[in-house]
Structures are given as structure tokens and as C-alpha cells.
Amino acid sequence: MAIAETLRTFLAKEQVVHDVVAHPLALSSSEAAAAAHVPGDRLAKAVLLEDDEHYLLVVVPATHRVDLGRLHQRLGMVVGLATEDEVAARFPDCDRGAIPPTGFLYGIDTIVDEVLTEQPEVWFEAGDHEELVHVAAAEFARMFSQARRMRLSHHV
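From a predicted model like this one, the values you see are computed outputs, not experimental measurements.

Caption draft 1: Representation of the overall build of the protein in the model. Helix and strand counts for the protein come out as 6 helices and 10 strands. Whereas a compact globule of 156 residues would reach a radius of gyration of roughly 15 Å, the protein reaches 14 Å, a difference of no more than 12%. Dimensions along the principal axes, computed over C-alpha positions, put the protein at roughly 40 × 30 × 30 Å. Burial status across the protein gives 49% buried among its 156 residues. Long-range pairs, those at least 24 residues apart, make up 69% of the contacts in the protein between residues at least 6 apart in sequence.

Spelled out as C-alpha cells, the structure:
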């Protein structure tokens, strides 16, 4: 599978300046960063969470873990990880485990960790396990201008 069609359409429509970086097969964000020779702190990892009624996509660096306690304090909601089947159902044009951070394209509220907004450039999953999208900081900020931003992770 190549870049997800939903993402490809958005990038073209919004004229997002980007390039696509091919890399050997990688099944996790950390593996993708290593395979593509990019810093893990600059690779945006998308994590789908759920409560009893809603889904929420949080976007953190590949080198970080979502702090669910902090998220609960900040949002007043208790969330847990969505199942692989739930992720697949909400991102039908993506390979399992390779979802882009653009939850808003799929009707999912999205929160971006502020750590990513401090990076000079960002890479993220393209929807498969062999490509990343690379954008400069300004383009990343423009793409996520409607997303909430907060510190919600910690380095592992």
C-alpha cells in the first residue's frame, strides 16, 4: 500500500509542501524512524484512544509515551487505547499500525503534543509501513492549526 488516499488528497488540496521518504518495512514508529534514519523525537506517532462514547487521536513523538493520567487531568475524561480492530475501522485506507496523525481527516478529534511543534521538521506515517511524509515545521503547524495542543507525553 502506498500513501493513504485520504492523506494524499488532503496534501494535494491544501498544497502542503512535503516529500515522501521510503524506508525498509518497519512495524512501529520507532522502527520507522530508525529505518528512515530520522530522529525519533521528530517522528510523529499517532495513538488512537477511546472513552465510552468518543475517539481521540493524540500525536506524540515516537520516543514518547502518552501520559494518560495527565490527559485525564487536562481533559476530564478517562480514555484507554483503542483496539487494533477499532483503529482499522476508523482508518480504512491505512495499513494496521501505520496511521497518519491526521485524525481530523477521519472525523476524529486530534491533539498534538507541543513537543512536536518545537521541532524544525517532522516526519509521520503515510498510511503504510514503508513510507513517511516529511514536512517543515511551518507546514506541520499549518496542517494542525485546528488541532488542540498540549504537553501530554513523556520521553521513554
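Let's pick the thread back up.
Caption draft 2: Broad picture of helix H2 (residues 29-36). Every buried residue of H2 is listed here: Ser29, Ala32, Ala33 and Ala36. Looking down the long axis of H2, one finds its buried residues gathered within 100° of arc, a one-sided arrangement. Lining the buried residues of H2 we find strand S1 (19-22), strand S2 (43-50), strand S7 (121-125) and strand S8 (131-136). Looking one or two residues past H2, His37 carries a phi angle of roughly 60°, positive in sign.

Caption draft 3: The nonpolar core, seen in detail. In this structure, Leu11, Leu57, Phe91, Val133, Val135 and Met143 are the most contacted members of the largest nonpolar core, which totals 29 residues. Only helix H1 (5-13), S2, strand S3 (55-61), S7, S8 and helix H6 (137-143) provide two or more residues apiece to this core. Not counting chain neighbours up to four residues away, the residues in contact with Val133 comprise Ile3, Leu7, Leu11, His18, Asp19, Val122, Trp123, Phe124 and Ala126. Within the second largest apolar cluster, 11 residues are counted, among which are Val66, Val79, Met150 and Leu152.

Caption draft 4: Representation of the pattern of salt bridges. One pass over the structure, following the stated rule, counts 8 salt bridges. Ionic pairing is found between Glu5 and Arg8, a salt bridge with its closest N-O pair at 3.5 Å. In this pair, Glu5 and Arg8 both sit in helix H1, 3 residues apart, roughly one turn of the helix. Given the relative accessible area of 38%, Arg8 is considered partly exposed. The residue Arg151 makes a salt bridge to Glu114 at a minimum N-O spacing of 3.9 Å. Residue Arg151 is located in the loop between strand S9 (148-150) and strand S10 (153-155), and its partner Glu114 is located in helix H5 (residues 114-117); the two are separated by 37 residues in the primary sequence. Judged by relative accessible area, which is 33%, Arg151 ranks as partly exposed. Under the relative-accessibility criterion, Glu114 is labelled partly exposed at 28%.

Caption draft 5: Summary view of unusual backbone geometry. The phi dihedral of Gln15 is positive, around 50°, even though this residue is not glycine. Of note, Gln15 is situated in the loop between H1 and S1. Of note, His37 is a non-glycine position whose phi angle comes to about 60°, a positive value. Within the secondary structure, His37 is located in the loop between H2 and S2.

Caption draft 6: How the structure looks around the packing of aromatic side chains. One pass over the full model with this rule turns up 4 aromatic pairs. Between Phe91 and Tyr106, the ring centres sit 4.5 Å apart and the planes meet at 50°, which makes this aromatic pair tilted. A residue pair is termed long-range when its members are at least 10 positions apart, and Phe91 in the loop between helix H4 (84-90) and strand S6 (109-113) and Tyr106 in the loop between H4 and S6 qualify at 15 residues. The residues Phe91 and Tyr106 share a single accessibility class, namely buried. Ring geometry for Phe140 against Phe144: centres 4.7 Å apart, planes inclined by 45°, an arrangement best described as tilted. Like Phe144, Phe140 is buried.

Conventions used here
- Residues numbered from 1 in each chain as written.
- Predicted model: local features only at pLDDT ≥ 70, side-chain atom pairs only at ≥ 80, totals over all residues.
- Heavy atoms only, no water.
- Helix = DSSP H or I, 4+ residues; strand = E, 2+ residues; numbered from the N terminus.
- Rg over C-alpha atoms; globule rule 2.2 N^0.38 Å.
- Buried < 20%, exposed > 50% of the residue type's maximum accessible area, 1.4 Å probe, protein only.
- Contact = heavy atoms within 4.5 Å.
- Arc of directions from axis to C-beta.
- Core = buried A, V, L, I, M, F, W, Y, C linked by side-chain atoms within 4.5 Å.
- Salt bridge = Lys/Arg side-chain N within 4 Å of Asp/Glu carboxyl O.
- Phe/Tyr/Trp six-rings, centres within 6.5 Å; stacked < 30°, edge-to-face > 60°.

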